[in-house]
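The primary structure of each chain is shown beneath.
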Amino acid sequence: MIFAPITMKLDLQKELNEQLNIEDVFSFNIGSFKVTFDEATVVSWIIIAALTVLAILLTRNFKVEGEISRRQAFMELCYEKAENFFKGIMGPKVEKYIPWLMSVVLFIGVSNIIGLFGFKPPTKSMQVTAALAITSIVLIEFAAFKEKGIGGRLKAFTKPVWVITPISILEVFTKPLSLCMRLFGNVIAAFTIMELIKAIPIFKVGVPVVFSLYFDLFDGLLQAYIFVFLTALYLQESVEEEEEAPKKEKRKKSRKNKQSA
């Protein structure tokens, strides 16, 4: 009994090391440069290919006019529900990015629950979560520069006062870091809790299945939702204009009133 906690600690550490260790699947050389593809990359390709094939099969023979099938009606309903959700938190300026957000939530959701099918979830790899976060922030900055222009975007870093400019610039780097660490940390935390539950003798029958459904299924989908929800908020925030125009108009009106008086 004295050595039980030590054994549990060693077993958990071994399991964590196995899960965090991303092994190479195949590689090839281009001259003196070696190109390597690991488990996270290959499983990500499998997920993308599976989702692409599924999308093609589900959207075959869709009609623009006339009577539609139940499959098309169901798919249109799902799309409208998802679109209305994003429209509730995003303005018209960034609504064109909704299809991209839907694609990301599908990829992250499937990546988080693919462990149920015997694959190692790609989101257990820091490089995958970092790539997703960096891609999101690149899109956010692209939307901001496209909407405000170079001058307007650079000026936004100095608002509301120029003193916070360094902090505003730092946010460009901290946002992808927070998205990356939040997604990666929650996936690893769920795995750690599951291993601790499995290590308790009285929980070895039946109970792990219930918790597995929660952590592998519900929590995995929840993390996908949180990721795209925050990305949508950052997108909306990046294109918002400061409410300076009303203040200027009020000043102009007060000046005109003084002059007329």
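For the structure itself, look to the data block above.
A few points on the structure. Predicted model, so just to flag it, every value in this text is computed and none were measured.

## Some details on the nonpolar core
Here is a general trend for soluble globular proteins: nonpolar side chains tend to be buried in one another's company. Counting 36 residues, the largest nonpolar core has Phe-86, Met-90, Ile-108, Leu-132, Leu-179, Phe-227 and Leu-235 as the members making the most contacts within it. Those elements that provide at least two residues to this core are α2 (39–58), α4 (98–113), α5 (126–156), α6 (165–199) and α7 (207–239). In this view, Ile-108 contacts Leu-132, Leu-183, Ala-224 and Phe-227; residues no more than four positions away in its chain are not counted.

## Re the packing of helix α3 (residues 70–87) against α4
At a minimum axis distance of 10 Å, the contact between α3 and α4 shows a crossing angle of 110 degrees. Put simply, α3 runs roughly perpendicular to α4. For the pair α3 and α4, contact is made by Tyr-79, Ala-82, Glu-83, Phe-86 and Lys-87 and by Ile-98, Pro-99, Leu-101 and Met-102, respectively.

## Observations regarding the packing of aromatic side chains
Counted under the stated rule, the structure contains four aromatic pairs. Taking 5.6 Å as the distance between ring centres and 45 degrees as the angle between the ring planes, the aromatic pair formed by Phe-85 and Tyr-225 counts as tilted. Taken together, the positions of Phe-85 in helix α3 and Tyr-225 in helix α7 put the pair 140 residues apart, joining distant regions of the chain. Residue class for Tyr-225 comes out partly exposed when judged on its relative accessible area of 36%. Centroid distance Tyr-225 to Phe-229: 5.7 Å. Interplanar angle 25 degrees. Geometry classified as stacked. Here Tyr-225 and its partner Phe-229 are both found in helix α7, four residues apart, which amounts to about one turn of the helix. Looking at Phe-229, the relative accessible area reads 25%, which means it is partly exposed.

## Re α5
Residues that lie three or four places apart on an α-helix share one face, since the helix turns once every 3.6 residues. With 31 residues, α5 extends only 31 Å from end C-alpha to end C-alpha; this falls clearly short of the ideal 45 Å at 1.5 Å per step. The sharpest bend along α5 comes to roughly 110 degrees, located at Gly-149.

## So, the layout of surface pockets
Of the volumes computed, that of the largest pocket is approximately 780 Å³. If you go around the largest pocket, you meet 22 residues; those closest to its centre are Met-75, Met-102, Ser-103, Val-105 and Leu-106. Looking at the lining of the largest pocket, the elements with two or more residues in it are α2, α3, α4 and α7. Here the element with the most residues in the lining of the largest pocket is α3; it accounts for seven residues. In the lining of the largest pocket, the residues fall into 18 nonpolar, three polar and one charged.

## Section: empty space enclosed by the protein
Here the structure, examined in full by the defined rule, presents one cavity of 30 Å³ or more. In this structure, the largest cavity spans a volume of roughly 30 Å³. Leu-179, Arg-182, Leu-183, Gln-223, Ile-226, Phe-227 and Leu-230 together form the lining of the largest cavity. Elements supplying a minimum of two residues to the lining of the largest cavity: α6 and α7. A per-element tally of the lining of the largest cavity places α7 first, with four residues. Residue composition of the lining of the largest cavity, grouped by class: five nonpolar, one polar and one charged.

## A short note on the pairing of strand β1 (residues 24–30)
Alignment of β1 against strand β2 (residues 33–38), held across six bridges, turns out to be antiparallel. Paired with Ile-30 across the strands is Phe-33, a residue of β2.

## Re the packing of α4 against α5
A pair of packed helices can be characterised by two numbers: the angle between their axes and the separation between those axes. Orientation of α4 relative to α5, taken along the N-to-C sense of each, is 170 degrees, at an axis distance of 13 Å. Classified by the angle their axes make, α4 and α5 are roughly antiparallel. Contacts between α4 and α5 involve Trp-100, Phe-107 and Ile-108 from the former and Leu-132, Thr-135, Ser-136 and Leu-139 from the latter. Here the contact of α4 with α5 is composed, by residue class, of five nonpolar, two polar and no charged.

What counts, and at which threshold
- In this numbering scheme, every chain counts its residues from 1 along its sequence in written order.
- Local features are withheld for residues below a pLDDT of 70 in this predicted model, meaning they are given only at 70 or higher, and side-chain atom pairs are given and counted only at 80 or more; totals for whole chains, interfaces and linings count all residues.
- The side-chain figures draw on all heavy atoms in the structure; neither hydrogens nor water molecules are used.
- By nonpolar core we mean a set of buried residues, namely Ala, Val, Leu, Ile, Met, Phe, Trp, Tyr and Cys, connected to one another through side-chain atoms within 4.5 Å.
- Only protein chains enter the area calculation, which uses a 1.4 Å probe; residues under 20% of their type maximum are buried, those over 50% are exposed, and those in between are partly exposed.
- In this text, helices come from DSSP runs of H or I with a minimum length of four residues, and strands from runs of E with a minimum of two, each type numbered from the N-terminal end.
- Any two residues whose heavy atoms approach within 4.5 Å at even a single point are treated as in contact.
- Fitted lines through C-alpha atoms serve as axes, helices being fitted only where they are in contact, and the angles separating the N-to-C directions of these axes extend from 0 to 180 degrees.
- Oblique is the label for any angle not under 35 degrees, not over 145, and not in the 65 to 115 range, which are roughly parallel, roughly antiparallel and roughly perpendicular in turn.
- The aromatic pairing rule takes the rings of Phe, Tyr and Trp, using the six-membered ring of Trp, and pairs them if the centres are within 6.5 Å, calling planes under 30 degrees apart stacked, those over 60 edge-to-face and the rest tilted.
- In a helix, the anticipated span is given by 1.5 Å times the number of residues less one.
- Bend at a residue means the angle formed by two fitted axes: the first through the 7 residues ending at that position, the second through the 7 residues beginning there.
- Cavity means a closed set of points on a 1 Å grid over the protein atoms alone, one where a 1.4 Å probe fits but cannot get out, pocket means an open set with protein on both sides within 12 Å along at least 5 of 7 lines, and lining means a residue has an atom within 4 Å of a point.
- Grid points are joined across faces, edges and corners, and a volume is the space filled by probe spheres set on the points.
- Under the grouping applied here, Gly and all other residues not named as nonpolar or charged are polar, the nonpolar ones being Ala, Val, Leu, Ile, Met, Phe, Trp, Tyr, Cys and Pro and the charged ones Asp, Glu, Lys and Arg.
- Any two strands between which DSSP finds at least two bridges are classified as paired.

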